[in-house]
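# Fold and geometry: a report
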Amino acid sequence: MDEKIFERVDNYISDISAQEDKILSDVIKSLAEENIPQMSVSANHGKLLQVLMISCNAKRVLELGTLGGYSTIWMARALPSNGKLISLEIDKHYSDVAKRNIKNAGLSEKVDIRVGRALDILPTFIEKKEEPFDFIFIDADKPPYTEYFELAIKLSREGTIIVCDNVIREGKVLDDNSSDEKVLGVQRLNESLRKNKNVTATILQTVGVKEHDGMVVAVVNRLSK
Ligand code: SAH
Ligand code: DHB
Ligand code: MG
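Each chain has its residues counted from 1, running along the sequence as written. Working convention: letters from A go to chains and numbers from 1 go to ligands, in the order in which they are written. Where totals are concerned, whole chains, interfaces and linings use all residues; where local detail is concerned, this predicted model gives features only for residues with pLDDT of at least 70, and gives and counts side-chain atom pairs only at 80 or more. Each side-chain value is derived from all of the structure's non-hydrogen atoms; neither hydrogens nor water enter the calculation.

### A closer look at the site of ligand 1
Rules: Each residue is tested against the molecule or strand, and it is near if at least one of its non-hydrogen atoms lies within 4 Å. N or O atoms within 3.5 Å of each other form a polar contact, as long as, within protein, one can give a hydrogen and the other can take it, and as long as residues adjacent in sequence are counted only when both atoms are side-chain atoms. Residue-level accessible areas treat just the shown protein chains as cover; the underlying method is Shrake-Rupley with a 1.4 Å probe. Note on conventions: DSSP H or I runs of at least 4 residues are helices, E runs of at least 2 residues are strands, and numbering of each starts at the N terminus. We call Asp, Glu, Lys and Arg charged. Ala, Val, Leu, Ile, Met, Phe, Trp, Tyr, Cys and Pro are nonpolar, and the rest, Gly among them, are polar.
Taken together, 21 residues surround ligand 1, and among them Val 41, Gly 65, Ser 71, Glu 89 and Asp 139 come closest. In this structure, an oxygen atom belonging to ligand 1 sits 2.9 Å away from a main-chain N or O atom of Val 41. The side chain of Asp 141 places a nitrogen or oxygen atom 3.2 Å from a nitrogen atom of ligand 1. Protein chains shield 91% of the accessible area of ligand 1, which is 580 Å² for the free molecule. Going through the elements one at a time, helix H4 (70-76) and strand S2 (84-89) are the ones with two or more residues in the shell around ligand 1. When its residues are assigned to classes, the shell around ligand 1 shows 11 nonpolar, 5 polar and 5 charged.

### Focus: the coordination of the magnesium ion (ligand 3)
We count it as follows: Any nitrogen, oxygen or sulfur atom within 2.8 Å of a metal ion counts as a donor, with the limit raised to 3.2 Å for Na, K and Ca, and since water is left out, coordination shells can look unfinished. Each residue gets one of three labels from its accessible area relative to the maximum for its type: buried under 20%, exposed over 50%, partly exposed in between, using a 1.4 Å probe on protein chains only.
Every protein donor of the magnesium ion (ligand 3) is listed here as Asp 139 (OD), Asp 165 (OD) and Asn 166 (OD1), and their distances to the metal cover 2.1 Å. We note that the donor set of the magnesium ion (ligand 3) lies within a single chain, spaced as D-x25-D-N. One end of the pair, Asp 139, is in the loop between strand S4 (133-138) and helix H7 (145-154); the other, Asp 165, is in the loop between strand S5 (156-164) and helix H8 (181-192), and 26 residues separate them in sequence. In terms of burial, Asp 139 and Asp 165 fall into one category: buried.

### Focus: the sheet that holds strand S7 (residues 213-220)
Which entries qualify depends on this criterion: Any two strands are treated as partners once DSSP identifies two or more bridges connecting them. To get an axis, a line is fitted to the C-alpha atoms, and for a helix only the part in contact is used. The angle between two axes follows their N-to-C directions and goes from 0 to 180 degrees.
An order of S3-S2-S1-S4-S5-S7-S6 is seen for the 7 strands of this open sheet, with the pairing classed as mixed. Of all the strands in the sheet, just strand S3 (111-115) and strand S6 (199-206) have a single pairing partner and so form its edges. Neighbour to neighbour, the strand axes of the sheet diverge by 15 degrees on average, direction disregarded. One ladder, built from 4 bridges, connects S5 with S7; its direction is antiparallel. Each residue of the ladder has a partner; that of Val 163, found in S7, is Val 217.

Structural data, given as structure tokens:
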């Protein structure tokens, strides 16, 4: 099938229900101007994050991987007035660009960007007994996705929704002999879901303006402590 059809249908859908305003399109422009890779979620996926956030009454949101703040802005816009979003980003340059974009969106009050390695920062949240998050979006580097997912569960309550981006990778997850560390990382996470009793999960396969990919969508079960 002509791949253009997926792109055209994605645009048809975003025209109906995920129109980008200038603030969001300026984020995409800022990435191009700053030579930052275009790895933001699509507009329709930004809207999907909002729908899922609202469905679990999300007031406290955690994101792993800010980039220029495109997904951050979609999510922060779905927060109630007293809502908070913490986003972790390893790259100082990216976080500076994101902070500028978030300020431009008028969301600096709600969004807290922390610069550092997610694997260093997340354990400090557990140590400090940080209040559980209602919604967690995992979209940082792929090799430690399983560790991120396990830490995310520790930072959750019953009913928290956890979404993990890019877990199908154009179908490369089917390759049992892959040596691509990103593929190996998401394969390990996907396989771990078979026996993970702490979540009710599925993987949503996606096509559209971005490459063929997929997202884990998981709800945290009652946790046996
Ligand atoms: N969520 C963004 C896209 C994120 S791209 C959006 O949709 O708009 C992945 C981001 O993860 C990059 O900015 C990268 O610098 C960051 N990243 C990579 N390794 C990381 C790590 N160990 N800890 C935190 N962030 C990391
Ligand atoms: C990559 C990372 C992403 O978060 C994404 O949405 C697309 C690609 C990557 O590292 O290849
Ligand atoms: Mg991604």
